[in-house]
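Residue-level structural notes
Here is how the chains run, residue by residue.
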Amino acid sequence: MGSYVPSSAAEREEMLKKIGVKSIDDLFAAVPRKMLVKSLDLPSGKSELEVSAIMTALSEKNKVYKTILRGAGAYDHYIPAVVGSVLSKEQFVTAYTPYQAEISQGILQNIFEYQTMICELTGMDVSNASVYDGATAMAEAVPMCKERKKTKAYISATVNPAYLEVVRTYCSASDTDLTVIPAKNGKTDVKALEKALSDDAACFILQQPNFFGLFEDAEKIGAVVHAAGAKYVMSVNPISMGFCKTPAEYGADVAVGEGQPLGMPLAFGGPYLGFMACKEAMQRKLPGRIVGQTVDVDGKTGYVLTLQAREQHIRREKASSNICSNQALCALCAAVYLSAMGAKGLSEAATLSTSKAHYLAKELCKIEGVDLVYKGEFFNEFVTTLPETGKVLKALDKAGILGGLPVDGGVLWCCTEKQTKEELDRAVAIVKEVLL
Amino acid sequence: MKLIFERGEEGQFLSILPKCDVPVTKLPEKLKRAGAPHLPHVSENELSRHYSTLAKAVHGVNDGFYPLGSCTMKYNPKINEQVSALPGFTGVHPLQDDSTVQGSLEVLYDIEKALCAITGMDALTLQPAAGAHGEFTGLMLIKSYLRSKGQADVRKKIIVPDSAHGTNPASAAMCDFTIVNIPSAPDGCVDLDALKAAVGPDTAGLMLTNPNTVGVFDKNILEITKIVHDAGGLCYYDGANLNAVMGVVRPGDMGFDCIHLNLHKTFSTPHGGGGPGSGPVGCKAFLADFLPGVRVTRTAKGAYKSGSAKKHFGEVKAFGGNFLVVVRALAYILTLGKEGIPEASKNAVLNANYMQACLKEDYDLAFNVYCMHEFVLTLDRLHKETGVSALDLAKGLLDRGIHPPTMYFPLIVHEALMIEPTETEPKEMLDSVIAAFKELKKVAYENPQALHDAPLHTPVRRLDDVRAARTPVLRYKFS
């Protein structure tokens with residue numbers, strides 16, 4: 001019911017008179033008659049109360065777990081209250097891309113602050129204003145690295161498989177040769193990488209910590225990649241940047257990742273936030289919006305969309321990417337989250353997540369038949385063997401716990417700062433009970 | 001305005017997280033960063049006020065008229081925001097078992113059905129995150145289809161009119177197609193002769209908006225799609241302008257094989273200062289097997305099952321798409337229903353024609369015909385006679401609390417201002433904006449300098465774009 005059209009019947013008549021037609025349908029004279037829709041196959045419109053009831057009922061058909069021990073690209077971190085408050089401000093919610101800088105300074109300045117924070121997290125020089133998610137950020141990094149004689153992309157088999165799928169799609173679209181470097185004991189097989197990289201290698205993509213939660217030997221890999229004359233692309237979990245070595249410290253040329261852990265809800269997969277940052281030398285190859293600082297005619301500091309000569313509305317088919325809309329509100333979310341947490345809070349989130357994951361791993365591995373599948377240091381995810389996986393997950397589900405994700409060779413578990421020791425002990429007790 | 005980094009005191013922090021209740025894990029030093037990142041150090045009050053200050057320096061749809069052509073800046077209903085924040089939607093992990101996400105799957109199922117009904121398509125994926133992402137997806141559908149027919153190596157050309165959005169050729173280039181730009185006819189529509197000359201055995205497809213970017217419904221649309229089909233190519237519909245024709249005419253009936261929609265334009269979801277959007281891609285049955293993303297089916301017992309299309313070409317994004325945006329759009333479609341959907345489009349067209357009829361008394365129309373949901377002014381003459389450009393006029397609007405129209409687009413119109421009022425603006429607002437335009441024309445002739453100097457009353461005045469690009473300052477430097 002209703003279409004949010006505010007004009008009255010009398011006003012519409014007045015408008016039609018001014019236009020010089022009898023009815024609105026006359027304005028559609030260019031549409032061939034036989035094409036006109038006779039009846040739209042949709043239910044009748046509903047009142048707000050009915051819509052609210054329908055949507056609420058739909059939402060209640062989903063199960064929201066009290067304890068979530070699953071990550072694999074979507075992480076259940078605590079969201080400070082101030083984040084939701086800032087994000088609901090109508091100016092931020094309802095504005096378009098800040099094309100008119102004079103009346104968009106709030107958005108532009110936020111992007112500038114966001115870019116600064118992403119540079120600080122990753123150690124990189126330049127960040128863009130966001131792309132769709134971590135997977136597309138990874139895929140968009142490939143064309144950044146390609147040059148006339150550097151055309152082939154390489155990626156580790158230890159990246160999130162959902163990301164690998166997206167990189168494959170983008171490479172298939174542009175006819176870019178993509179080689180997957182196999183894993184050995186849950187980590188990138190560095191020897192295989194060294195052997196595989198050819199003279200025309202454009203880049204190698206690594207995820208740190210990788211899909212299995214393990215820290216890769218990223219320094220050595222960086223040296224191998226650079227020795228082959230290729231660019232080094234590293235995808236990182238932004239929470240890990242609370243204390244982990246940055247892509248810049250590992251020698252990466254491009255840093256990308258999924259920003260969802262920075263204040264965004266799980267939300268069945270989106271909207272999330274793809275972040276991208278690079279060394280200064282590559283800034284003109286970075287896709288997407290970039291905000292720069294400048295001055296106005298009175299010499300007052302202000303912000304504008306800049307380096308637009310890279311973008312589709314100027315360069316059309318020669319643009320660095322087709323991206324137009326991005327995830328601006330999610331970038332705002334990340335900036336508010338990082339402001340609320342500060343360096344101390346971010347480091348705490350990283351420490352708590354790691355510590356809880358290690359505690360859970362230790363406790364789970366006390367159960368017979370449950371063992372870590374891979375040796376090596378890990379962040380907040382790890383893979384264990386798990387007999388009777390289906391049964392165990394079902395028992396956890398009954399208790400309101402979303403267990404780890406079944407993957408090749410076992411189950412991928414995840415912890416964040418949200419789970420208490422009590423919750424973890426309870427989960428372990430349930431696993432134990434099933435496997436007794 | 002101070003930057004967030006310049007506020008607060010070093011060492012200040014909020015109490016957000018508890019003490020660790022398990023043994024603290026110490027990772028080896030070689031895995032640790034050398035120093036902590038510089039992040040803000042503010043109290044919650046300072047933090048909250050900082051963003052309130054920023055918000056005050058932003059013009060949103062809620063702050064006034066926003067006739068940004070091609071962007072459909074309609075009102076964003078609040079019920080949509082409310083339902084998208086329901087914990088049953090926000091708290092769900094994307095990798096949960098189907099049996100625990102029946103509500104989310106039903107949302108995807110229901111909106112696919114509704115959007116197919118509105119567009120005349122047979123299947124649709126909600127995975128693409130934005131319009132351009134949808135274009136990429138749609139072109140990959142075409143590419144996959146051509147590959148399945150063994151024609152991908154021959155059919156390499158995508159035809160794009162010179163009036164098209166820049167994303168069209170950019171998306172085609174990402175899919176390794178060669179772009180053939182064809183000139184528009186003098187009426188802004190597709191030049192049939194140019195199209196006939198461009199198609200051939202190497203044609204992969206045509207990308208088109210209808211109504212087109214000059215706001216005109218191309219009356220030859222059936223002939224256009226037939227020319228492309230006869231040559232063996234496919235027709236792609238850029239849904240940026242769907243707000244003109246929802247419930248009136250369907251792209252599927254115009255002869256298009258696949259489309260993308262912009263839920264953040266046509267279906268009222270807010271644009272968030274640049275995103276997130278949602279760019280679902282619909283297609284005819286013969287392309288459906290190639291669709292990426294989550295495909296939802298309904299069992300005989302009424303349960304919803306997620307899966308993948310048989311020959312899906314891959315994925316364009318991790319997980320199922322910008323789900324909370326999709327939730328908002330579904331609430332909008334439920335509210336409007338079969339009566340409200342065409343009513344919205346018809347009133348969008350009415351509002352645009354009313355503004356056009358009033359403004360053509362003072363300004364030159366790029367194309368003097370009834371428009372659809374938007375129209376284009378050309379300030380070429382005004383510019384020559386007064387020196388006042390489309391940019392100057394736009395900046396004059398800023399001082400009057402009005403967001404300017406899209407400037408200098410489409411590229412085929414000199415000194416273009418593209419105006420899209422949308423259906424959610426009351427006549428009273430249109431009249432006040434029309435009055436502002438008329439007053440600005442007077443100012444242009446009487447005191448052009450005033451418009452070269454505009455804006456005067458915005459948080460900042462005209463900014464130095466050249467300096468920003470030549471000596472880029474892209475981040476705050478900590479001392």
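Residues numbered from 1 in each chain as written. Chains lettered and ligands numbered in written order. Predicted model: local features only at pLDDT ≥ 70, side-chain atom pairs only at ≥ 80, totals over all residues. Heavy atoms only, no water.

1. Topic: the domain arrangement of chain A
Residues and elements named next belong to chain A. Our working definition: Residue ranges assigned to the domains are those given by an automatic or database domain assignment. Residue contacts follow a heavy-atom distance rule, with two residues in contact if any of their heavy atoms lie within 4.5 Å. Here the quantity called buried area is the accessible surface, traced with a 1.4 Å probe, that two parts lose on coming together, added over both. Every case where a carboxyl oxygen of Asp or Glu lies within 4 Å of a side-chain nitrogen of Lys or Arg is listed as a salt bridge. Runs of E in the DSSP output that reach at least two residues are strands. Runs of H or I that reach at least four are helices, and both are numbered from the N terminus. Side-chain classes are defined by residue name, with Ala, Val, Leu, Ile, Met, Phe, Trp, Tyr, Cys and Pro counting as nonpolar, Asp, Glu, Lys and Arg as charged, and the others, Gly among them, as polar.
When the domains of chain A are assigned, the result is domain 1 (67–78 + 342–435) and domain 2 (81–335). Put simply, the middle of domain 1 and the middle of domain 2, counted by C-alpha atoms, are 28 Å apart. At the junction of the two partners, domain 1 supplies 26 residues and domain 2 supplies 27 residues. Regarding the contact of domain 1 and domain 2, the summed buried area is about 2000 Å², with carbon and sulfur atoms giving 69% of it. Per-residue buried area on domain 1 facing domain 2 is highest for Leu 346, Tyr 374 and Phe 379; these three make up 31% of the total on that side. Applying the counting criterion to the domain 1 and domain 2 interface returns zero salt bridges. Where the side of domain 1 that touches domain 2 is concerned, the elements lending two or more residues are α11 (328–364) and β13 (381–384). Take the side of domain 1 that touches domain 2: its biggest share by element is six residues, from α11. Residues belonging to the side of domain 1 that touches domain 2 are distributed by class as follows: 15 nonpolar, seven polar and four charged.

2. Re the interface of chain B and chain A
Quick reminder of the rule: The definition of a polar contact used here is a pair of N or O atoms within 3.5 Å, where within protein one atom must be able to donate a hydrogen and the other to accept one, and adjacent residues in sequence count solely through side-chain atom pairs.
Facing the 197 residues of chain B at the interface are 182 residues of chain A. A buried area of about 16100 Å², summed over both sides, lies between chain B and chain A, and 65% of it is on carbon and sulfur atoms. Seen at the junction of chain B and chain A, the total is ten salt bridges. Close ionic contact of Lys 317 of chain B with Asp 133 of chain A constitutes a salt bridge, the shortest N to O distance being 3.7 Å. At the junction of chain B and chain A, the tally comes to 84 residue pairs in polar contact (both at pLDDT 80 or more). Take the side of chain B that touches chain A: its biggest share by element is 28 residues, from helix α11 (residues 323–359) of chain B.

3. A few points about helix α5 (residues 131–148) of chain B
To keep things clear, this is the line we draw: For a helix, the expected span equals 1.5 Å multiplied by the residue count minus one. Buried means the residue's accessible area, taken with a 1.4 Å probe over protein chains only, is under 20% of the maximum for its type, while exposed means over 50%, and partly exposed covers the values in between.
Between the first and last C-alpha of α5 of chain B there are 26 Å, a value that for 18 residues agrees with the 26 Å anticipated at 1.5 Å per step. Across the 18 residues of α5 of chain B, 16 count as buried, placing the element largely inside the fold.

4. Section: the domain arrangement of chain B
Here chain B is partitioned into domain 1 (4–57), domain 2 (79–335) and domain 3 (342–465). Here the C-alpha centroids of domain 1 of chain B and domain 2 of chain B sit 41 Å apart.

5. Considering the pattern of salt bridges
Residue and element names in this part refer to chain A. In the structure shown here, the tally under the stated rule is 40 salt bridges over all chains. The closest approach of N and O atoms between Arg 289 and Glu 311, which form a salt bridge, is 2.9 Å. With Arg 289 in the loop between β10 (274–278) and β11 (291–295) and Glu 311 in the loop between β12 (301–305) and α10 (312–315), the pair connects residues that are 22 residues apart, well separated along the chain. Arg 289 gets classed as buried once you look at its relative accessible area, which sits at 3%. Glu 311 gets classed as buried once you look at its relative accessible area, which sits at 3%.

6. Looking at the sheet that holds strand β1 (residues 123–125) of chain B
Residue and element names in this part refer to chain B. Selection criterion: DSSP bridges decide pairing: two strands pair if at least two such bridges lie between them. Axis definition: a line fitted to C-alpha atoms, over the contacting stretch in the case of helices. Angles run 0 to 180 degrees between N-to-C directions.
Here seven strands make up an open sheet; going across it, the order is β1-β7-β6-β5-β4-β2-β3 and the pairing mixed. Where the open sheet ends on each side, the last strands, each with one partner, are β1 and β3 (178–182). Averaged over neighbouring strand pairs, the angle between their axes works out to 20° when direction is ignored. Bridge count for strand β4 (residues 203–208) against strand β5 (residues 234–238) is four bridges, and the pairing is parallel. Each residue of the ladder has a partner; that of Leu 208, found in β5, is Tyr 237. Sheet contacts for α5: β2 (157–161), β4, β5, β6 (258–260) and β7 (281–283); angle to β5, the most-contacted strand, approximately 170°.

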